Amino acid sequence: MPTRRVLFSGHVQGVGFRAYVAQQAGRASVLGECWNRTDGKVEAILHHEKDSVLDALVERLAGGRGRVDDVVTMPCELVVAEGFIIRPTQRV
């Protein structure tokens, strides 16, 4: 099953962006987690059996809360157990 690591940059902290990510992921049945980074970005791990679902979710998130200036998506080997978790800020 495809898993992606996604970095969102712009004005994405302090605007409810992580909650929006969790909400939209839940609606799309996407598993994963997200967190604020100390560099001002939000990082997410997204997991679903279909690439097309992940593509649509990332596109929707880019137009969501705050202001997303850039999205970097890369494949990821992490295994996500279940659900979607909002984690505390992590240093980079």
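Residues numbered from 1 in each chain as written. Predicted model: local features only at pLDDT ≥ 70, side-chain atom pairs only at ≥ 80, totals over all residues. Heavy atoms only, no water.

Of the regular secondary structure elements, the chain holds two helices and five strands. Put simply, the chain runs from its N terminus to its C terminus through helices and strands in the order β-α-β-β-α-β-β. For 92 residues, the compact-globule estimate of 2.2 N^0.38 gives 12 Å, and the C-alpha radius of gyration of the chain, at 12 Å, lies within 12% of that figure. Residue pairs at least 24 apart in sequence account for 80% of intrachain contacts in the chain once pairs closer than 6 positions are excluded. Within the structure as shown, the chain displays about 5,100 Å² of accessible surface, and the carbon and sulfur contribution to it stands at 47%. (Helix = DSSP H or I, 4+ residues; strand = E, 2+ residues; numbered from the N terminus. Rg over C-alpha atoms; globule rule 2.2 N^0.38 Å. Contact = heavy atoms within 4.5 Å. Areas by Shrake-Rupley, 256 points an atom, 1.4 Å probe, with all protein chains shown as cover.)

Another aspect to go through is the environment of Cys 76. Residue position: Cys 76 is located in the loop between strand 4 (67-75) and strand 5 (84-86). Looking at Cys 76, the relative accessible area reads 16%, which means it is buried. In this structure, the C-alpha to C-alpha distance between Cys 76 and Ala 28, residues 48 residues apart in sequence, is 19 Å. (Buried < 20%, exposed > 50% of the residue type's maximum accessible area, 1.4 Å probe, protein only.)

This brings us to unusual backbone geometry. Within the chain, Ser 29 stands out as a residue other than glycine whose phi angle is a positive 60°. If you trace the backbone, Ser 29 turns up in the loop between helix 1 (17-27) and strand 2 (31-36). Residue classification places Ser 29 among the exposed residues on the basis of a relative accessible area of 54%.

Let's shift gears to the environment of Arg 27. Relative to the elements of secondary structure, Arg 27 occurs in helix 1. Judged by relative accessible area, which is 62%, Arg 27 ranks as exposed. Distance from Arg 27 to Leu 57, taken between C-alpha atoms, is 9.6 Å for residues 30 residues apart in sequence.

Judged by nonpolar contacts, the single largest core of 20 residues is most densely connected at Phe 8, Phe 17, Val 30, Leu 46, Leu 61 and Phe 84. Looking at this core, the elements that each hand over two or more residues are strand 1 (3-11), helix 1, strand 3 (42-47) and helix 2 (51-62). When residues in this core are grouped by element, the largest group, five residues, is from helix 1. Phe 84 has contacts with Val 21, Ala 22, Ala 25, Val 30, Leu 31, Gly 32, Glu 33, Cys 34, Ile 45 and Leu 46, leaving out every residue within four places of it along the chain. (Core = buried A, V, L, I, M, F, W, Y, C linked by side-chain atoms within 4.5 Å.)

Geometry only, nothing functional implied.
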